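One-letter residues, chain by chain:
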Amino acid sequence: MAKAPVATLETICKSVLSYFPDANIELLKKAFHFADKAHSGQMRSSGDPYIIHPTEVAQILADMRMDLSSICAAFLHDTVEDTAVKIEEIEKEFGKDVATLVEGVTKLSKMTFRTSEEKQAENFRKMIIAMAKDIRVIIVKLSDRLSNMRSLEFLPAHKQKTISQETLDIYAPLANRLGMSKMKVELEDLCLRFVHPDVYYKLAEIISTSKNEREKYIEDVTVLITEKLSEYDVKAQVIGRAKHFYSIYKKMERRQVDFNELHDIIAFRIIVDNITECYKALGVIHAAFRPVPGRFKDYIAMQKANHYQSLHTTVIGLGGERTEIQIRTQEMNMVAERGIAAHWKYKEGKFDTRSHESVEWVNRLLEWQKDLSDPNEFLETVKVDLFSEDVFVFTPSGEVKELPYGATPLDFAYAVHTDVGNRCVGAKVNGRIVPLKHRLKSGDSIEVITSPTQTPSKDWLKIVISSRAKAKIRAFIKTRERDVAQVQGKDILDRLLKEYEISWSKLEKTSQYDQLKRELKFNSLDELQVGLGYGRVTVDQIISKVIPRDELDAKKAKMKTVENESFMKKAIKSATKKSEARNAIIVEGVDDVLVRYARCCNPIPGESITGFITRGRGVTIHQANCARALDTDNERRIQVSWNKALTMPVRRNIRIRVLSNDEPGLLALMSQSITSVGVNISSANIRTTKDKKAFAIFEVEVGNMDQLAKVISALESKKGVISVERS
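Residues numbered from 1 in each chain as written. Predicted model: local features only at pLDDT ≥ 70, side-chain atom pairs only at ≥ 80, totals over all residues. Heavy atoms only, no water.

1. Section: the overall build of the chain
Reasoning step 1: Along its length, the chain carries 30 helices and 23 strands.
Reasoning step 2: Relative to its 727 residues, the chain shows a buried fraction of 51%.
Reasoning step 3: For the chain, long-range pairs separated by at least 24 residues make up 67% of all intrachain contacts whose partners lie at least 6 apart in sequence.
Reasoning step 4: Surface exposure of the chain reaches about 36,200 Å², of which carbon and sulfur atoms provide 49%. (Helix = DSSP H or I, 4+ residues; strand = E, 2+ residues; numbered from the N terminus. Buried < 20%, exposed > 50% of the residue type's maximum accessible area, 1.4 Å probe, protein only. Contact = heavy atoms within 4.5 Å. Areas by Shrake-Rupley, 256 points an atom, 1.4 Å probe, with all protein chains shown as cover.)

Right, here's the structure in full:
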């Protein structure tokens with residue numbers, strides 16, 4: 001990968017003046033020298049002076065033609081967090097606009113969490129809130145991450161992998177969603193280098209070896225396309241390039257093939273003057289080359305949510321090679337590379353993004369996050385919006401709705417309106433009645449069928465794909481379950497007050513009531529009733545706080561204690577049988593309880609876990625980021641942890657899926673790799689395919705995440721193994 005040019009104050013000033021001649025360059029210089037002084041003596045992991053990092057961030061923003069406040073904030077973004085500088089000093093020296101951006105980026109960096117999953121999820125939620133206030137905060141943060149990724153080689157290996165995975169999960173998709181493809185591509189390639197170094201360097205070697213042949217092919221095709229376009233008086237710039245590493249890797253993974261079996265790793269871009277010329281150029285290309293059926297997409301007529309516009313087609317090019325061609329105008333190309341930054345309109349040195357649709361998307365996310373109190377649940381929900389391709393469908397009136405790939409009529413119904421989604425019982429697609437789980441295709445026309453008696457169910461969460469639909473269904477279900485819990489809690493509380501002859505109105509005026517609220521963490525009678533209904537608050541907890549001990553003992557001696565604990569407490573108590581997991585898991589606030597592992601995610605020691613109280617079945621243990629756990633009611637969650645005090649290690653059976661070439665002796669080699677790291681194989685199942693590939697499922701006994709990592713690493717190192725994943 002080409003190394004980024006060294007950024008300096010001079011190069012940044014030159015970049016800014018090229019697109020903003022009236023810029024206050026003195027303010028920019030002042031920000032640089034202020035940061036240089038604040039970071040004096042600080043060094044990066046590479047051994048370079050720290051000021052190199054904020055300078056590079058500023059250069060990245062200047063290359064995107066950002067406004068002056070953003071570039072000043074880039075110089076200053078670490079001063080408040082890493083030096084003695086206060087935000088008030090930033091505002092005094094550089095104004096409120098710069099200070100707001102610096103404070104926004106600082107808040108994103110300062111958060112600390114109990115688990116890495118919680119950190120990632122809450123980090124993303126904070127980003128959404130910061131983006132809604134000022135979209136520039138996230139642009140600075142993305143640039144900061146890109147600069148850090150460029151120098152990641154100087155960090156320890158475990159940090160390289162963790163940071164790269166987080167970048168792949170959040171930052172690269174976010175850059176893509178904001179239309180910043182140039183940044184997204186570089187982030188993904190840098191991540192591949194550290195997450196899958198073997199794949200990265202193998203691709204680098206193969207592509208380097210075939211460089212001369214590839215460059216000759218690009219030159220020949222470029223000349224041919226240019227000649228064909230000239231015949232029809234289409235003035236165009238034709239650019240050929242190999243696709244970036246991460247794109248090639250994902251294509252290999254998706255098709256389950258080796259690099260040598262890929263035929264469309266080279267793409268060509270045709271840049272013309274206007275939209276009319278785009279379609280004219282498309283006609284010329286399809287006349288000159290045979291188009292591949294089903295591989296044409298018109299993102300000009302129906303642009304993506306991030307404002308990306310282009311015509312995409314795949315044709316059979318020279319030598320019978322499949323060749324991808326993109327056709328767009330200069331303006332479209334600028335938008336494709338710079339995304340939201342390309343739309344900013346400068347006015348007196350400032351810009352306005354209020355009407356931009358990317359900001360509207362952020363505001364929609366902000367609305368959804370209010371319905372999802374659990375950060376992991378929120379992250380899993382919006383990831384669909386970040387990663388999915390788009391499907392464009394039509395309402396009966398002809399209005400276009402954009403939905404994620406794989407969306408159903410139920411997703412469409414919620415895209416129209418929440419009430420339409422909640423009352424949806426079916427749909428007509430292109431005039432034909434289809435089930436709710438029907439997968440929509442671009443161009444479909446949908447008519448929703450509703451019923452006033454219909455309400456959402458949990459099963460709908462397995463049908464819908466879009467963030468909006470998932471958020472609205474979960475919000476409805478939780479509200480309904482909360483109402484049920486409150487009714488049950490009210491009944492419990494009424495019987496309790498009656499039995500102990502306590503007046504709630506009098507109790508509210510006492511100091512005991514304040515203590516009760518503080519210790520049981522509720523702010524209103526409604527909250528207390530819900531807590532009782534869910535089993536998070538027990539009768540004994542209330543009684544012990546409001547009745548003196550001696551008086552309570554006297555009352556208990558005179559009367560028979562009424563069993564009025566909530567159904568949640570009973571559910572736990574009814575499941576106090578011996579279980580394999582009991583000693584391995586510590587359940588917060590509960591003793592002698594049945595603990596079972598969820599089959600959907602099958603957690604192993606060392607993984608972050610969460611518990612879910614199940615009626616009559618004790619506590620079910622899920623991985624913290626398990627999709628099914630995220631679908632459960634947050635009120636029924638309970639904090640659990642692995643018991644680190646156990647003298648005997650807990651061993652869990654898990655499955656590992658291996659894709660490999662079908663070669664003699666490879667199964668024996670893989671089995672030997674597993675046993676060589678001290679792991680027992682419980683069972684093995686293997687099947688082969690017609691294209692000389694083999695799928696193996698190994699069930700192995702592991703005691704912790706380290707053992708699992710060793711098994712996967714041992715398998716990945718074997719020649720002939722294509723991919724290894726936990727199943």
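Still more ground to cover, so stick around.
2. Observations concerning the packing of aromatic side chains
Reasoning step 1: Tallying each qualifying case throughout the model produces seven aromatic pairs.
Reasoning step 2: Plain terms: the ring middles of Phe 34 and Phe 94 are 5.4 Å apart, the flat faces sit at 90 degrees to each other, and that makes the pair edge-to-face. You can see Phe 34 sitting in helix 2 (residues 25-38) and its partner Phe 94 sitting in helix 6 (residues 87-94), a full 60 residues away along the chain.
Reasoning step 3: Each ring, one from Tyr 246 and one from Tyr 249, has its centre 6.0 Å from the other, and the planes form 50 degrees; the classification is tilted. With a gap of three residues between them, Tyr 246 and Tyr 249 both fall in helix 14 (residues 245-255), about one helical turn apart. Accessibility assignment for this pair places Tyr 246 and Tyr 249 in one class, buried. (Phe/Tyr/Trp six-rings, centres within 6.5 Å; stacked < 30°, edge-to-face > 60°.)

3. Thoughts on the packing of helix 1 (residues 9-19) against helix 3 (residues 52-63)
Reasoning step 1: Interhelical geometry of helix 1 versus helix 3 gives an angle of 20 degrees and a closest axis separation of 9 Å. With respect to helix 3, the axis of helix 1 lies roughly parallel. In this structure, helix 1 meets helix 3 at a crossing whose hand is left-handed. Across the interface between the two elements, Leu 9, Thr 11, Ile 12, Ser 15, Val 16 and Tyr 19 from helix 1 touch Thr 55, Ala 58, Gln 59, Ala 62 and Asp 63 from helix 3.
Reasoning step 2: In terms of residue class, the contact of helix 1 with helix 3 is made up of six nonpolar, four polar and one charged. (Axes fitted to C-alpha atoms, helices over the stretch in contact; angles between N-to-C directions. Parallel < 35°, antiparallel > 145°, perpendicular 65-115°, else oblique. Left-handed = near helix turned anticlockwise from the far one by under 90°. Nonpolar A, V, L, I, M, F, W, Y, C, P; charged D, E, K, R; others polar.)

4. Details of the sheet that holds strand 11 (residues 424-429)
Reasoning step 1: As summarised here, the arrangement of the three strands in space is 12-11-13, forming an open sheet in which the pairing is antiparallel. In the strand order of this sheet, the two ends are held by strand 12 (432-434) and strand 13 (446-450), each with one partner. Strand-to-strand twist of the sheet, defined as the mean angle between neighbouring strand axes without regard to direction, takes the value 35 degrees. (Pairing = 2+ DSSP bridges.)

5. Quick notes on the nonpolar core
Burial of nonpolar side chains together is a common tendency in soluble globular proteins.
Reasoning step 1: Val 16, Leu 28, Ile 71, Phe 75, Leu 76, Ile 90 and Ile 225 are the most contacted members of the largest nonpolar core, which totals 96 residues.
Reasoning step 2: Residues contacting Phe 75, with those up to four places away along its chain left out, are Leu 9, Ile 12, Leu 28, Ala 31, Phe 32, Ala 35, Pro 54, Thr 55 and Ala 58. (Core = buried A, V, L, I, M, F, W, Y, C linked by side-chain atoms within 4.5 Å.)

6. Here's the deal with the pattern of salt bridges
Reasoning step 1: Throughout the structure, instances matching the rule amount to 17 salt bridges.
Reasoning step 2: Of the charged contacts in the structure, one is a salt bridge between Glu 186 and Arg 150, with a shortest N-O distance of 2.7 Å. In this pair, Glu 186 is assigned in helix 11 (residues 181-195) and Arg 150 in helix 9 (residues 136-150), connecting sequence segments 36 residues apart.
Reasoning step 3: Judged by its relative accessible area of 22%, Arg 150 is partly exposed.
Reasoning step 4: As a salt-bridge pair, Lys 184 and Glu 188 come within 3.8 Å of each other at their nearest N and O atoms. (Salt bridge = Lys/Arg side-chain N within 4 Å of Asp/Glu carboxyl O.)

7. Digging into the environment of Phe 476
Reasoning step 1: When you line up the elements, Phe 476 lands in helix 21 (residues 467-499).
Reasoning step 2: Since its relative accessible area comes to 26%, Phe 476 is described here as partly exposed.
Reasoning step 3: Each C-alpha atom of the pair Phe 476 and Thr 455 lies 8.7 Å from the other, and the pair is 21 residues apart in sequence.
Reasoning step 4: Look past the residues within four positions of Phe 476 in its chain and what remains in contact with it is Asn 422, Thr 455 and Pro 456.

8. A closer look at the pairing of strand 20 (residues 652-661)
Reasoning step 1: By the criterion of burial, strand 20 is predominantly enclosed, with seven of the ten residues buried.
Reasoning step 2: The sheet contact formed by strand 20 and strand 22 (residues 693-702) spans ten bridges and is antiparallel. Each bridged residue has a counterpart across the sheet, and for Arg 657 the counterpart in strand 22 is Ile 697.
Reasoning step 3: In this sheet, strand 23 (residues 721-726) lies alongside strand 20 in antiparallel orientation, the contact comprising five bridges. Directly across from Ser 660, in strand 23, lies its bridge partner Val 721.

9. Quick notes on the sheet that holds strand 22
Reasoning step 1: Read across the sheet, four strands follow the order 21-22-20-23 without closing on themselves; strand pairing throughout is antiparallel. In the strand order of this sheet, the two ends are held by strand 21 (680-688) and strand 23, each with one partner. When the angles between neighbouring strand axes are averaged without regard to direction, this sheet yields 20 degrees.
Reasoning step 2: Along the sheet, helix 29 (residues 666-676) contacts strand 20, strand 21, strand 22 and strand 23; its crossing angle with strand 22, the most-contacted strand, is approximately 20 degrees.
Reasoning step 3: The sheet strands contacting helix 30 (residues 705-716) are strand 20, strand 22 and strand 23, and the helix crosses strand 23 at an angle near 165 degrees.

10. Overview of helix 21
Reasoning step 1: Compared with an ideal rise of 1.5 Å per residue, which puts 33 residues at 48 Å, helix 21 spans 47 Å between its outermost C-alpha atoms and is within 8% of the ideal.
Reasoning step 2: Among the residues trailing helix 21, Glu 501 stands out with phi positive, at a value near 55 degrees. (Expected span 1.5 Å × (residues − 1).)

11. Some details on the environment of Asn 653
Reasoning step 1: Examined against the element boundaries, Asn 653 turns out to sit in strand 20.
Reasoning step 2: The sequence separation of Asn 653 and Val 700 amounts to 47 residues, and the corresponding C-alpha distance is 5.4 Å.
Reasoning step 3: Beyond its immediate chain neighbours, meaning those up to four positions away, Asn 653 contacts Asn 602, Ser 682, Glu 699, Val 700 and Glu 701.
Reasoning step 4: In terms of polar contacts, Asn 653 uses its side chain to reach the side chain of Glu 699, at 3.2 Å. (Polar contact = N/O pair within 3.5 Å; in protein donor to acceptor, adjacent residues only side chain to side chain.)

12. Brief notes about the packing of helix 11 against helix 12 (residues 197-209)
Reasoning step 1: Close contact between helix 11 and helix 12 brings their axes to 5 Å; oriented N to C, the two are set at 115 degrees. When helix 11 is examined against helix 12, the residues Asp 189, Leu 192, Arg 193, Phe 194 and Val 195 are found in contact with a partner set consisting of Pro 197, Val 199, Tyr 200, Tyr 201 and Leu 203.
Reasoning step 2: In terms of residue class, the contact of helix 11 with helix 12 is built from eight nonpolar, no polar and two charged.

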